[in-house]
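# Architecture and fold: a report
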Amino acid sequence: MSQAPDPEYIIVIGASAGGLKPMSEVLSVLPRNLNAPVVVAIHGGHLSKLTEVLTRTASLPVRKATDGMALEPGVIAVCPGGEHTRIEGRVLRLGRAPDAARFQPSVDLLFRSAAEHYGAGTVAVVLSGNLNDGTAGAQAVHEAGGVMLVQLPREADYPSMPASVVLHDHPDAVLLAEDIADRLRELVGARGLVRAI
């Protein structure tokens, strides 16, 4: 009898205003032997220096996402500002998306595409931000059987983005940013997201 292949996983994180600090906190604790790619999206303009800023504190290599870039376990890909990033198979695709043009990059689009291609292997996080980007994507993650973590709205500098997910979706946990970091560390071990060294 053949053994089922190990599932593949991805961690996707979305934020907007006020999201840089909790994003840095979460990325600083990921294990160096993480057996999953990480893709992060924070709303911003095309001149954003987000990649450079996150490189200073992240525990893993950080790269600016490019069109056609392969997703690599243990590498953080940062969605560039001013356009959208979606997952197709095991690569990233960048460009415009009329149905998601309100926020760039769109957290909804990123989450939906992750859920479509990774299914129950999707671990998604929504942090501080304005308005409701990420809510529809969170629902897609939930429906695919993935894990949805949300920053506690009262802790967020801008609470409406995480509050919208809490109100409209079924998050697995609503936590302080430092507790999201701890929960991710627990999840990566429990779900087999770390490689043996």
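Preceding block: the structure.
Residues numbered from 1 in each chain as written. Predicted model: local features only at pLDDT ≥ 70, side-chain atom pairs only at ≥ 80, totals over all residues. Heavy atoms only, no water.

Let's shift gears to helix α5 (residues 160–168). What α5 keeps buried is the set Met161, Pro162, Ser164 and Val165. For α5, the angular spread of buried residues about the axis comes to 155 degrees, placing them on one side. Summarising the contacts, the buried residues of α5 are in contact with β1 (10–15), α3 (107–118), β7 (122–126), α4 (135–143) and β8 (147–151). (Buried < 20%, exposed > 50% of the residue type's maximum accessible area, 1.4 Å probe, protein only. Helix = DSSP H or I, 4+ residues; strand = E, 2+ residues; numbered from the N terminus. Arc of directions from axis to C-beta. Contact = heavy atoms within 4.5 Å.)

Turning to its location among the elements, Lys49 is positioned in the loop between β2 (38–42) and α2 (50–55). A C-alpha to C-alpha distance of 9.7 Å links Lys49 and Lys64, two positions 15 residues apart in sequence.

Remark on secondary structure: sheet strands pair via backbone hydrogen bonds, oriented parallel or antiparallel. Pairing is parallel across the open sheet formed by seven strands, whose spatial order is β3-β4-β2-β1-β7-β8-β9. Across the chains shown, the open sheet's two edge strands, defined by having one partner strand only, are β3 (62–64) and β9 (173–175). Strand-to-strand twist across the sheet, computed as the mean angle between neighbouring axes with direction ignored, equals 20 degrees. One ladder, built from four bridges, connects β7 with β8; its direction is parallel. (Pairing = 2+ DSSP bridges. Axes fitted to C-alpha atoms, helices over the stretch in contact; angles between N-to-C directions.)

What follows deals with helix α1 (residues 20–27). Those residues of α1 lying buried are Pro22, Met23, Ser24, Val26 and Leu27. Along its buried surface, α1 packs onto β1, β2, α2, β4 (76–78), β8 and α6 (177–190).

Counting residues in each nonpolar core, the largest one holds 32 residues, and the members touching the most others are Ile13 and Leu27. Ranked by residues supplied to this core, first place goes to α6 with four residues. Setting aside residues no more than four positions away along its own chain, Ile13 makes contact with Met23, Val26, Leu27, Val38, Val39, Val40, Ala41, Leu110, Phe111, Val125 and Leu127. By size, the runner-up hydrophobic cluster in this structure holds 27 residues, among which are Met69, Leu110, Ala115 and Met148. (Core = buried A, V, L, I, M, F, W, Y, C linked by side-chain atoms within 4.5 Å.)

Glancing now at the packing of α3 against α4. Contact pair α3 / α4: the axes reach a minimum separation of 7 Å and the direction vectors enclose 10 degrees. Here α3 lies roughly parallel to α4, going by the angle between them. Seen from α3, the contacting residues are Asp108, Phe111, Arg112 and Ala115; seen from α4, they are Thr135, Ala136, Gly137, Ala138, Ala140 and Val141. Within the contact of α3 with α4, the residues separate by chemical class into six nonpolar, two polar and two charged. (Parallel < 35°, antiparallel > 145°, perpendicular 65-115°, else oblique. Nonpolar A, V, L, I, M, F, W, Y, C, P; charged D, E, K, R; others polar.)

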